[in-house]
Amino acid sequence: MHVNPQVLIIMGSNSDLPVMQEAADLLGQFDVPCEMRVSSAHRSPVKTAKLAAEAGERGVKVIIAGAGMAAHLAGVIASETILPVIGVPVGGGALSGVDALYSTVQMPGGIPVATMAIGKAGAKNAGVLAVQILALSDERLAQALRDYRREMALDVERRDADLQALRAVDEAH
């Protein structure tokens, strides 16, 4: 368990770790302490409810929940806390994650879950969104986000310059 985590990442199964690690890695880039746990909305509902209900008391400010198939994890967590909950549908199963997407995004009015894309891109974006939420009251994180965005833009420019250089060489031959 991480000391003083600001973000709690909960996944429905340890098989979700390769996807949810993307969120943890992104948070690590911004030096945001997080804790990762495995807890199932269906197989361990009491534990899940307790993790959600006690998160705020432990200093957690955002919860990221990733699950596949029926994917009720984010919704169950959202029902037990007023903290922002970001849901990550994990791919797999008979419907390749579409079932998880629908289960995560179709919440009843009054119990919101911010829902990301299916899979690793969604987990990475969940990390970014968590940092954006935390940056509302942390100027260091706000500046780090501005720098992150600037670096992404510069990376695109570098890749374009490399492509143009390759095309110029091809055209010269």
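Note that the structure is predicted; figures quoted are calculated from it, not measured. (Residues numbered from 1 in each chain as written. Predicted model: local features only at pLDDT ≥ 70, side-chain atom pairs only at ≥ 80, totals over all residues. Heavy atoms only, no water.)

Novice: Please explain the pairing of strand 1 (residues 7-11) as it appears in this structure.
Specialist: On any regular strand, side chains alternate: one points to one face of the sheet, the next to the other face. Within strand 1, five of the five residues are buried, which leaves the element mostly enclosed by the surrounding structure. Alternating positions in strand 1 separate into two faces, Val7, Ile9 and Met11 on one and Leu8 and Ile10 on the other, with burial throughout. Pairing of strand 1 with strand 2 (residues 34-38) involves five bridges; the strand directions are parallel. What sits directly across from Met11, in strand 2, is Val38. (Buried < 20%, exposed > 50% of the residue type's maximum accessible area, 1.4 Å probe, protein only. Helix = DSSP H or I, 4+ residues; strand = E, 2+ residues; numbered from the N terminus. Pairing = 2+ DSSP bridges.)

Novice: Explain helix 4 (residues 98-105) here, please?
Specialist: Along an α-helix, residues three or four positions apart point the same way, because every turn accommodates 3.6 residues. Within the span of helix 4, buried status applies to Asp99, Ala100 and Thr104. Along the axis of helix 4, the buried residues cluster in a sector spanning 125°; they form a single face. Those residues of helix 4 hidden inside the fold are in contact with strand 3 (62-68), helix 3 (73-79), strand 4 (85-90) and strand 5 (114-115). (Arc of directions from axis to C-beta. Contact = heavy atoms within 4.5 Å.)

Novice: Looking at this structure, how should I read a nonpolar patch on the surface?
Specialist: On the surface, Leu95, Val98, Tyr102, Val105 and Ile118 cluster together to form a nonpolar patch covering roughly 430 Å² of accessible area. Using a relative accessible area of 35% as the deciding quantity, one classes Val98 as partly exposed. (Patch = residues over 30% accessible without salt bridge, like charges linked within 9 Å, V, L, I, M, F, W, Y side chains within 5 Å. Areas by Shrake-Rupley, 256 points an atom, 1.4 Å probe, with all protein chains shown as cover. Salt bridge = Lys/Arg side-chain N within 4 Å of Asp/Glu carboxyl O.)

Novice: What is the right way to look at the packing of helix 5 (residues 120-135) against helix 6 (residues 139-172) in this model?
Specialist: Helix packing for two helices is described by the angle between their axes and how far apart those axes are. As a packed pair, helix 5 and helix 6 sit with axes 8 Å apart at the nearest point and diverge in direction by 140°. Here helix 5 is positioned oblique relative to helix 6, judged by the angle of their axes. Regarding helix 5 and helix 6, the two cross each other, and that crossing is left-handed. Contacts between helix 5 and helix 6 involve Lys124, Val128, Val131, Gln132, Leu134 and Ala135 from the first element and Leu141, Ala142, Leu145, Tyr148 and Arg149 from the second. Split by residue class, the contact of helix 5 with helix 6 holds eight nonpolar, one polar and two charged. (Axes fitted to C-alpha atoms, helices over the stretch in contact; angles between N-to-C directions. Parallel < 35°, antiparallel > 145°, perpendicular 65-115°, else oblique. Left-handed = near helix turned anticlockwise from the far one by under 90°. Nonpolar A, V, L, I, M, F, W, Y, C, P; charged D, E, K, R; others polar.)

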